[in-house]
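# A look at the structure
The primary structure of each chain is shown beneath.
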Amino acid sequence: MTLSSTPGLARFNTLADGQATTALHEVCASAAWGRAILSRRPYATAEALLATSDAVTAELSREDLADAMAGHPPIGRPAPGDPTSSREQRGMADATEELKAEMLELNLAYQERFGHVFLICATGATGEQMRDAVKSRIGNSPEQEREIVRTELGKINRIRLTRLVTEGE
């Protein structure tokens, strides 16, 4: 499916700033990211919106990246009443109790080491794949991990923006 220009993109381009800010905050909790995306409206194509998101994500400061991560619940514990995190973390929903307990321990160890939640683009990933990812990344340096987190955030933002501009179509 090509995203080019969709009715959803037209809706997004014409939303009042306050409504667009709210919608963008649901995509990414970084206010700086949201402001940058909002300031470049209207977008001619969804691809242009995604490219802008990629560029803005690549330039987020350390603090803005922390703001973005703060909007993500730990893997295995989607925010109550949040269909987005539940959908994205679906791979953990059917995990064994043993795997869920292991993931909780790994999440805590990761957070202790890096000072923020373990962030991964969980869409389509199994519980085992998420567990293996945290195990392999926990030994990274903070600098390495920050760049991996930035990449994962970019993937998540792309999926969420695509959903935003194609909903109801």
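Residues numbered from 1 in each chain as written. Predicted model: local features only at pLDDT ≥ 70, side-chain atom pairs only at ≥ 80, totals over all residues. Heavy atoms only, no water.

Further remarks concern the packing of helix H5 (residues 62–70) against helix H10 (residues 142–166). At their nearest, the axes of H5 and H10 sit 11 Å apart, and the two run at 55° to each other. What the angle tells us is that H5 and H10 run oblique. Between H5 and H10 lies a crossing of left-handed hand. The segment H5 lies against H10, with Arg62, Leu65, Ala68 and Met69 engaging Arg146, Val149, Arg150 and Leu153. Here the residues of the contact of H5 with H10 sort into five nonpolar, no polar and three charged. (Axes fitted to C-alpha atoms, helices over the stretch in contact; angles between N-to-C directions. Helix = DSSP H or I, 4+ residues; strand = E, 2+ residues; numbered from the N terminus. Parallel < 35°, antiparallel > 145°, perpendicular 65-115°, else oblique. Left-handed = near helix turned anticlockwise from the far one by under 90°. Contact = heavy atoms within 4.5 Å. Nonpolar A, V, L, I, M, F, W, Y, C, P; charged D, E, K, R; others polar.)

Attention now goes to the side chain of arginine 41. Mapped onto the elements, arginine 41 comes out in the loop between helix H3 (31–39) and helix H4 (46–58). Polar side-chain contacts of arginine 41 include one of 2.6 Å to the backbone oxygen of phenylalanine 12. Leaving out residues up to four positions away in the same chain, arginine 41 has contacts with Phe12, Asn13, Thr14, Leu15, Ala16, Asp17 and Ala20. (Polar contact = N/O pair within 3.5 Å; in protein donor to acceptor, adjacent residues only side chain to side chain.)

Let us look at the packing of aromatic side chains. Going through the model one piece at a time under the given rule, you end up with three aromatic pairs. Taking the centre distance of 6.4 Å and the plane angle of 25° together, the rings of phenylalanine 12 and tyrosine 43 count as stacked. One end of the pair, phenylalanine 12, is in helix H1 (residues 7–14); the other, tyrosine 43, is in the loop between H3 and H4, and 31 residues separate them in sequence. For the pair phenylalanine 12 and tyrosine 43, a shared accessibility class is recorded, and that class is buried. Judged by centre distance (4.7 Å) and plane angle (45°), the rings of tyrosine 110 and phenylalanine 114 are tilted. With a gap of four residues between them, tyrosine 110 and phenylalanine 114 both fall in helix H8 (residues 97–114), about one helical turn apart. Across the pair, phenylalanine 114 and tyrosine 110 agree in class, each one buried. Taken together, the ring pairs connect Tyr110, Phe114 and Phe118 into an aromatic cluster. A cation sits over an aromatic face here: arginine 41 above phenylalanine 12, 5.5 Å from the ring centre. (Phe/Tyr/Trp six-rings, centres within 6.5 Å; stacked < 30°, edge-to-face > 60°. Buried < 20%, exposed > 50% of the residue type's maximum accessible area, 1.4 Å probe, protein only. Lys NZ or Arg CZ within 6 Å of the ring centre and 35° of its normal.)

Next up on the list: the packing of H4 against H10. At a minimum axis separation of 10 Å, H4 and H10 run at an interaxial angle of 155°. Considering their axes alone, H4 and H10 lie roughly antiparallel with respect to each other. Of the two possible hands of crossing, H4 and H10 adopt the one that is right-handed. Residue-level inspection shows Ala46, Leu49, Leu50, Ala51, Ser53, Asp54, Thr57 and Ala58 of H4 in contact with H10, the latter providing Arg150, Leu153, Gly154, Asn157, Arg158, Leu161, Thr162 and Val165. In terms of residue class, the contact of H4 with H10 is built from eight nonpolar, five polar and three charged.

Attention now moves to unusual backbone geometry. Here the amide bond leading from arginine 41 into proline 42 is cis, since omega sits at 0°, within 30 degrees of zero. Along the chain, the position of proline 42 falls in the loop between H3 and H4.

It is worth spelling out empty space enclosed by the protein at this point. By the definition in use, this model includes one cavity of 30 Å³ or more. Put simply, the largest cavity is a space of about 80 Å³. Contributions of two or more residues to the lining of the largest cavity are made by helix H6 (83–88) and H10. A per-class count over the lining of the largest cavity returns seven nonpolar, three polar and two charged. (1 Å grid on protein atoms, 1.4 Å probe; cavity = no way out; pocket = protein on both sides within 12 Å on 5 of 7 lines; lining within 4 Å. Points joined across faces, edges and corners; volume = space filled by probe spheres on them.)

With that settled, the discussion passes to the nonpolar core. By size, the foremost hydrophobic cluster in this structure holds 43 residues, and its most contacted members are Phe12 and Trp33. Those elements giving two or more residues to this core turn out to be H1, helix H2 (17–27), H3, H4, H5, H8, helix H9 (127–137) and H10. The dominant element in this core, judged by the number of residues it contributes, is H10, at six residues. Apart from residues no more than four positions distant in its own chain, phenylalanine 12 is found in contact with Ala20, Leu24, Ile37, Arg41, Tyr43, Leu49, Leu164 and Val165. (Core = buried A, V, L, I, M, F, W, Y, C linked by side-chain atoms within 4.5 Å.)

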